[in-house]
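# Breakdown of the fold
Below are the chains, spelled out letter by letter.
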Amino acid sequence: MQHYDLTDAQKKAFEENEVDFRRIDDHIRRIQEAARARLTNNGWEPDPDGAIPCLSCPCPNFQGGGPQGRCKRAGCRHPLIDHDLPI
């Protein structure tokens, strides 16, 4: 691993950034759990073959390669984050 000569202020800034990014991850995880529960409570059953269905539309599986991390499947076009990623 490369060693960086960081000042104490820079180390603190990176630590604060990491905490903020973990907060974002936790928030997104809660949103995905709520979205999954909402759909499940209304009879939605995702394909159990390991697909990554969209939680914002009926797209059956994320298809990578779209602009800015969006699904390139026609009719979806939602970002990867909208899809039911494995936890």
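Residues numbered from 1 in each chain as written. Predicted model: local features only at pLDDT ≥ 70, side-chain atom pairs only at ≥ 80, totals over all residues. Heavy atoms only, no water.

Counting its secondary structure elements, the protein contains one helix and zero strands. Relative to the globule expectation of 12 Å for 87 residues, the C-alpha radius of gyration of the protein, 18 Å, shows a markedly less compact shape. Overall, the protein is about 55 × 30 × 20 Å in size when its C-alpha atoms are taken along their principal axes. The 87 residues of the protein split such that 16% are buried. Across the protein, every contact between residues at least 6 apart in sequence was considered, and the portion connecting residues at least 24 apart equals 30%. Entry remark: accessible area of the protein is about 6900 Å², with carbon and sulfur atoms responsible for 54%. (Helix = DSSP H or I, 4+ residues; strand = E, 2+ residues; numbered from the N terminus. Rg over C-alpha atoms; globule rule 2.2 N^0.38 Å. Buried < 20%, exposed > 50% of the residue type's maximum accessible area, 1.4 Å probe, protein only. Contact = heavy atoms within 4.5 Å. Areas by Shrake-Rupley, 256 points an atom, 1.4 Å probe, with all protein chains shown as cover.)

Right, let's talk about unusual backbone geometry for a bit. Although it is not a glycine, Gln 68 adopts a positive phi angle of roughly 55 degrees. In this structure, Gln 68 sits in the segment after α1 (8-41).

Before going further, it helps to examine the nonpolar core. Ranked by size, the top nonpolar core spans six residues in total: Cys 54, Cys 57, Cys 59, Phe 62, Cys 71 and Cys 76. Here Cys 76 is in contact with Cys 54, Cys 57, Cys 59, Cys 71 and His 83, once residues within four sequence places are set aside. (Core = buried A, V, L, I, M, F, W, Y, C linked by side-chain atoms within 4.5 Å.)

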